[in-house]
2 protein chains.
Amino acid sequence: MASHNSKATIWDVAAEAGVSITTVSRYMNGTQRVGPAASEAIERAIRKLDYLPNANVRSIKLRQTRTVAIIVPDISNFFLARVCRRVEHLLYQAGYALIIGSTGNNVEKEHRCIRSMLERRVDGLLISSAGQNNDLLRRAAADGLPMVLFESPQPDLGGVDYVLEDNRANARLITRTVLEHGHRKISFLKGFAHSTLAEERWLGFCDALAEAGLAPEDALVWENCRDRTDCAPVLEALRRQPGLFTAVIASTPEQMKFLVMEARRQKVSIPGQLSLTGFGIEDYTALFPFETTCILSDPLANADALVALILHRMAQARDGENFGEPQRRIIPCRFAQGDSVGRV
Amino acid sequence: MASHNSKATIWDVAAEAGVSITTVSRYMNGTQRVGPAASEAIERAIRKLDYLPNANVRSIKLRQTRTVAIIVPDISNFFLARVCRRVEHLLYQAGYALIIGSTGNNVEKEHRCIRSMLERRVDGLLISSAGQNNDLLRRAAADGLPMVLFESPQPDLGGVDYVLEDNRANARLITRTVLEHGHRKISFLKGFAHSTLAEERWLGFCDALAEAGLAPEDALVWENCRDRTDCAPVLEALRRQPGLFTAVIASTPEQMKFLVMEARRQKVSIPGQLSLTGFGIEDYTALFPFETTCILSDPLANADALVALILHRMAQARDGENFGEPQRRIIPCRFAQGDSVGRV
DNA sequence: ATGAAAGCGCTAACAC
DNA sequence: GTGTTAGCGCTTTCAT
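Quantities reported herein were computed from a predicted structural model and do not represent experimental measurements.

**Focus on the overall build of chain A**
Turning to step 1, where the next piece is worked out: Secondary structure assignment for chain A yields 12 helices and 12 strands.
Turning to step 2, where the next piece is worked out: The C-alpha atoms of chain A give 26 Å as radius of gyration, which overshoots the globular expectation for 344 residues (20 Å, by more than 25%).
Turning to step 3, where the next piece is worked out: Its C-alpha atoms give chain A principal-axis dimensions of roughly 85 × 45 × 35 Å.
Turning to step 4, where the next piece is worked out: Across the 344 residues that make up chain A, the buried fraction comes to 56%.
Turning to step 5, where the next piece is worked out: Taking all contacts inside chain A whose residues are at least 6 apart in sequence as the whole, residues at least 24 apart take part in 69%.
Turning to step 6, where the next piece is worked out: Within the structure as shown, chain A displays about 14600 Å² of accessible surface, and the carbon and sulfur contribution to it stands at 50%.

What follows is the structure, given as structure tokens:
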């Protein structure tokens, strides 16, 4: 079987059609009218040779790749998968392809991902960064690369666009709800240690507690819960020591899911024995065996904002315009009133 | 702010370091020794200029992009998201980047996705095709593009590698289980109309029925169930006409999920009033409020096979070797014995 | 160990 | 309307 280097080039098409490569180029891109005779000959040659222009070569003259990159901690995460799907679709409609990098919250991998995207000269970069690579990102931004960050704010990385949710306010709101239901012993599951997203949710929790004259209790705070095995101990503790806490707040949809699974396994009834709330996603938390009271993120709205911003920046970059003020879009979340938080 | 065309080239580095571009190239790629003095000067120049080689330009000389594409109906689908995550990771480790296309089972979009990937000269293509683009795929394969199909077999597209599950046998197995539990009125949810994957599962269902001397009843077969709204009528029918069927088999994990959600909403107890089974995924069906009896697909095993095959083919293509026999890997599924199928 | 120069496949002035 | 030609930024003979 032939190696696929056997691809036809514009020269082959030109020769076959008996015209110059310029004419072929013009025909392909519609940059200029070409005569009907030539058109037909070229069309025939293209079909005969199965000609497909080489986009990489094109990109070097055009100085744009019509590719944007998205870098996220985990594409199989429900929220991010939804974001990616819509971003891919919207960009596709705008004539861009999407390259995805999934970093697993590994700083080293994220670094190499970013580098790789830069070497590929993507026209734009969408990134939910775990942090620690801000110097690299800053340089890229300073170089004029259209870029929008999302999910996790990077306080030391200004001058770029952000798409965020108000995690602190939302965490405060949900915590207040729990307090209003009479709970005083409230457990909190923190997320990935280095994530500013997780940190903000934690701060919002503390805010609400403070407003009620309370303070977080060490014994009720669970660090770095990323896995089902990280979440199991929470319910085990409760069973060992009934009354240790009456409500638990999860700071990610995954944590909620793990808690639901563990609650079933360990036969802890929700909200009977334990109230559960936190951060969810529509169409995900819907599967839980109760109406979930929680803050609902909207992946589609996030994606829409991301695409709107990056397209805008890329247009500016193409036209050599000044970028102007960095944008900061806060995507509102919905407060879902369910029955997973009971009165105490 | 400067346009990001302000990128340094190999010429800039050479000039800054006082050497020729050849030397810089050799230094970057380690293709040949360069003197210590030159090395240091180049290193300094690179840092100073923030030089990042242009991968697209490189690719045209090297005749490889170190990029592979994966095209799937929906990246936010749990199974595919998991597959993509692992494929991305494995390929990344092998030095390849992954471009993802999500087609929404739209033939037109799939076609343009494939074309786009070919124009980008990806070194390999992984695709779960909805069908109907087999001529394009066949030409690509004939051109020597390493390619492996998965999920949905394309009977008219031979000579390429496949990673599949034995859907027909698995559907037969799960149906037989339902029959063995005494069910005779069994409802079946078919999947996306044009999907050969869905078709195979349907055939396996028919096989088992036939073995038991039964035949599918039109009133119990639901076509083209892709959404929650497609699944709701199933349970509504049962409530309108109790005893219409005693068990339901879903042909995709999503259908199972929708049925679970609807069962809760419509207050149909599983397996009390209705037995439920079908095709699931570990860590997904785990969330259901019962132990699910079903066939479990293994996204990781699928991904491993995909990557192993494509890497092998790409190595062959690079070395100009003959491709030899097409491979066909059947990934085994696990039969999960739960309690969602009751005795009748 | 280093450099000059010939491409890779394409686009875009600039001629005609 | 069409062709000539000079690049785009890089790798790679082939000399030195």
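**A look at the relation of the copies chain B and chain A**
Between the two chain copies there is a screw-like relation: a rotation about an axis and a shift along it.
Turning to step 1, where the next piece is worked out: Note on the copies: chain B fits chain A at an RMSD of 0.1 Å, the axial shift is 0.1 Å, and the rotation between them is 180 degrees. Put plainly, the chains are arranged around a two-fold axis.
Turning to step 2, where the next piece is worked out: Of the residues that chain B buries at the interface, 99% are likewise interface residues in chain A, meaning the two copies contact each other through the same surface.

**Quick word on helix α7 (residues 134-142) of chain B**
Each turn of an α-helix holds 3.6 residues, which means side chains three or four residues apart point in the same direction.
All names here are of chain B.
Turning to step 1, where the next piece is worked out: Buried residues of α7: Asn134, Leu136, Leu137, Ala140 and Ala141, and no others. For α7, the angular spread of the buried residues around the axis is 160 degrees, confining them to a single face.
Turning to step 2, where the next piece is worked out: Buried residues belonging to α7 abut α6 (107-119), β3 (124-127) and β4 (147-150).

**Some thoughts on the nonpolar core**
Turning to step 1, where the next piece is worked out: Counting 114 residues, the largest nonpolar core has A:Ile70, A:Val87, A:Leu259, B:Ile70, B:Val87 and B:Leu259 as the members making the most contacts within it.
Turning to step 2, where the next piece is worked out: Other than its neighbours up to four places away in sequence, B:Ile70 contacts B:Val83, B:Cys84, B:Leu98, B:Ile99, B:Ile100, B:Gly101, B:Leu126 and B:Phe150.

**Notes on the protein's contact with DNA strand C**
Turning to step 1, where the next piece is worked out: Looking at DNA strand C, there are 26 residues lining it, with A:Ile10, A:Arg58, B:Thr23, B:Gly35 and B:Lys61 nearest.
Turning to step 2, where the next piece is worked out: Of all DNA strand C atoms lying within 4 Å of any protein atom, the proportion belonging to sugar or phosphate reaches 56%.
Turning to step 3, where the next piece is worked out: Taking A:Arg58, its side chain carries an N or O atom lying 2.5 Å from a phosphate oxygen of DNA strand C.
Turning to step 4, where the next piece is worked out: Within the side chain of B:Arg26, one N or O atom sits 2.8 Å away from a base nitrogen of DNA strand C.
Turning to step 5, where the next piece is worked out: The set of elements that each furnish at least two residues to the surface near DNA strand C consists of α2 (21-29) and α4 (55-62) of chain A together with α2 (21-29) and α4 (55-62) of chain B.
Turning to step 6, where the next piece is worked out: At 5 residues, α4(A) tops the list of elements feeding residues into the surface near DNA strand C.
Turning to step 7, where the next piece is worked out: When grouped by side-chain class, the residues that make up the surface near DNA strand C number 11 nonpolar, 10 polar and 5 charged.

**Regarding the pairing of strand β10 (residues 294-297) of chain A**
Residues and elements named next belong to chain A.
Turning to step 1, where the next piece is worked out: Strand direction decides the pairing type here: strand β9 (residues 275-281) and β10, joined by 3 bridges, are parallel. Residue pairing for β10: Ile281 is matched across the bridge by Ser297.
Turning to step 2, where the next piece is worked out: In the sheet, β10 pairs with strand β12 (residues 334-336) via 3 bridges, with the strands oriented antiparallel. Within β12, the residue paired with Cys294 across the bridge is Ala336.

**Some details on the packing of aromatic side chains**
Residues and elements named next belong to chain A.
Turning to step 1, where the next piece is worked out: Taken as a whole and assessed by the stated rule, the structure comprises 12 aromatic pairs over all chains.
Turning to step 2, where the next piece is worked out: Ring plane angle 25 degrees and centroid distance 4.4 Å describe the contact between Phe188 and Phe205, whose orientation is recorded as stacked. Taken together, the positions of Phe188 in strand β6 (residues 186-189) and Phe205 in helix α9 (residues 196-211) put the pair 17 residues apart, joining distant regions of the chain. Summarising the burial analysis for this pair, Phe188 and Phe205 share the class buried.
Turning to step 3, where the next piece is worked out: The structure contains a cluster of three or more aromatic residues connected by ring pairs, namely Phe78, Tyr284, Phe288 and Phe290.

**Quick look at the packing of helix α8 (residues 167-180) of chain A against α9(A)**
When two helices pack together, their arrangement is captured by the angle between the axes and the distance separating the axes.
Residue and element names in this part refer to chain A.
Turning to step 1, where the next piece is worked out: Orientation of α8 relative to α9, taken along the N-to-C sense of each, is 40 degrees, at an axis distance of 7 Å. Relative to α9, α8 is oriented oblique. As α8 runs across α9, the sense of the crossing is right-handed. Contacts between α8 and α9 pair Asn167, Arg168, Ala171, Arg172, Thr175, Arg176 and Leu179 from the former with Leu197, Glu200, Arg201, Leu203, Gly204, Phe205, Asp207, Ala208, Leu209 and Glu211 from the latter.

**A closer look at the interface of chain B and chain A**
Turning to step 1, where the next piece is worked out: Contacts between chain B and chain A engage 67 residues on the former and 66 residues on the latter.
Turning to step 2, where the next piece is worked out: Buried surface at the junction of chain B and chain A, summed over both partners, amounts to about 6200 Å²; 52% is from carbon and sulfur atoms.
Turning to step 3, where the next piece is worked out: In this structure, B:Glu291 and A:Arg264 form a salt bridge, with 3.6 Å as the shortest nitrogen-oxygen distance.
Turning to step 4, where the next piece is worked out: Between chain B and chain A we count 38 residue pairs in polar contact (both at pLDDT 80 or more) in total.
Turning to step 5, where the next piece is worked out: Elements that contribute at least two residues to the side of chain B that touches chain A include exactly α4, α5 (78-93), β2 (97-102), α6, α7 and α11 (253-265) of chain B.
Turning to step 6, where the next piece is worked out: Each residue belonging to the side of chain B that touches chain A can be placed in one class, and the counts come to 32 nonpolar, 15 polar and 20 charged.

**Concerning the pattern of salt bridges**
Residues and elements named next belong to chain B.
Turning to step 1, where the next piece is worked out: For the structure shown, the criterion picks out 44 salt bridges over all chains.
Turning to step 2, where the next piece is worked out: Residue Asp304 pairs with Arg86 through a salt bridge whose shortest N-O separation is 2.6 Å. Residue Asp304 is found in helix α12 (residues 299-318), and its partner Arg86 is found in helix α5; the two are separated by 218 residues along the sequence.
Turning to step 3, where the next piece is worked out: On the basis of relative accessible area, Asp304 is assigned to the partly exposed category, the value being 31%.
Turning to step 4, where the next piece is worked out: You can call Arg86 partly exposed: its relative accessible area is 30%.

**Description of the sheet that holds β12(A)**
Residues and elements named next belong to chain A.
Turning to step 1, where the next piece is worked out: Ordered by their spatial adjacency, 6 strands build an open sheet running β7-β6-β8-β9-β10-β12, and the pairing between neighbours is mixed. Looking at the sheet topology across the chains shown, the edges are occupied by β7 (221-222) and β12.
Turning to step 2, where the next piece is worked out: Where strand β8 (residues 247-250) meets β9, 4 bridges bridge the pair, whose relative direction is parallel. Within β9, the residue paired with Ala247 across the bridge is Ser275.
Turning to step 3, where the next piece is worked out: Relative to β6, α9 is tilted by about 165 degrees, and along the sheet it contacts β6, β7, β8, β9 and β10.

**A short note on the protein's contact with DNA strand D**
Turning to step 1, where the next piece is worked out: Near DNA strand D there are 27 residues, and of these A:Thr22, A:Gly35, A:Lys61, B:Ile10 and B:Arg58 occur at the shortest range.
Turning to step 2, where the next piece is worked out: Restricting attention to atoms of DNA strand D within 4 Å of the protein, one finds that 55% of them are sugar or phosphate atoms.
Turning to step 3, where the next piece is worked out: Where the surface near DNA strand D is concerned, the elements lending two or more residues are α2 and α4 of chain A together with α2 and α4 of chain B.
Turning to step 4, where the next piece is worked out: In terms of residues, the surface near DNA strand D owes the most to one element, α4(B), which gives 5 residues.

Procedures and definitions
Residues numbered from 1 in each chain as written. Chains lettered and ligands numbered in written order. Predicted model: local features only at pLDDT ≥ 70, side-chain atom pairs only at ≥ 80, totals over all residues. Heavy atoms only, no water. Helix = DSSP H or I, 4+ residues; strand = E, 2+ residues; numbered from the N terminus. Rg over C-alpha atoms; globule rule 2.2 N^0.38 Å. Buried < 20%, exposed > 50% of the residue type's maximum accessible area, 1.4 Å probe, protein only. Contact = heavy atoms within 4.5 Å. Areas by Shrake-Rupley, 256 points an atom, 1.4 Å probe, with all protein chains shown as cover. Least-squares fit on C-alpha atoms with pLDDT ≥ 70 in both. Arc of directions from axis to C-beta. Core = buried A, V, L, I, M, F, W, Y, C linked by side-chain atoms within 4.5 Å. Near = heavy atom within 4 Å. Polar contact = N/O pair within 3.5 Å; in protein donor to acceptor, adjacent residues only side chain to side chain. Nonpolar A, V, L, I, M, F, W, Y, C, P; charged D, E, K, R; others polar. Pairing = 2+ DSSP bridges. Phe/Tyr/Trp six-rings, centres within 6.5 Å; stacked < 30°, edge-to-face > 60°. Axes fitted to C-alpha atoms, helices over the stretch in contact; angles between N-to-C directions. Parallel < 35°, antiparallel > 145°, perpendicular 65-115°, else oblique. Left-handed = near helix turned anticlockwise from the far one by under 90°. Buried area = accessible area lost by both parts, 1.4 Å probe. Salt bridge = Lys/Arg side-chain N within 4 Å of Asp/Glu carboxyl O.

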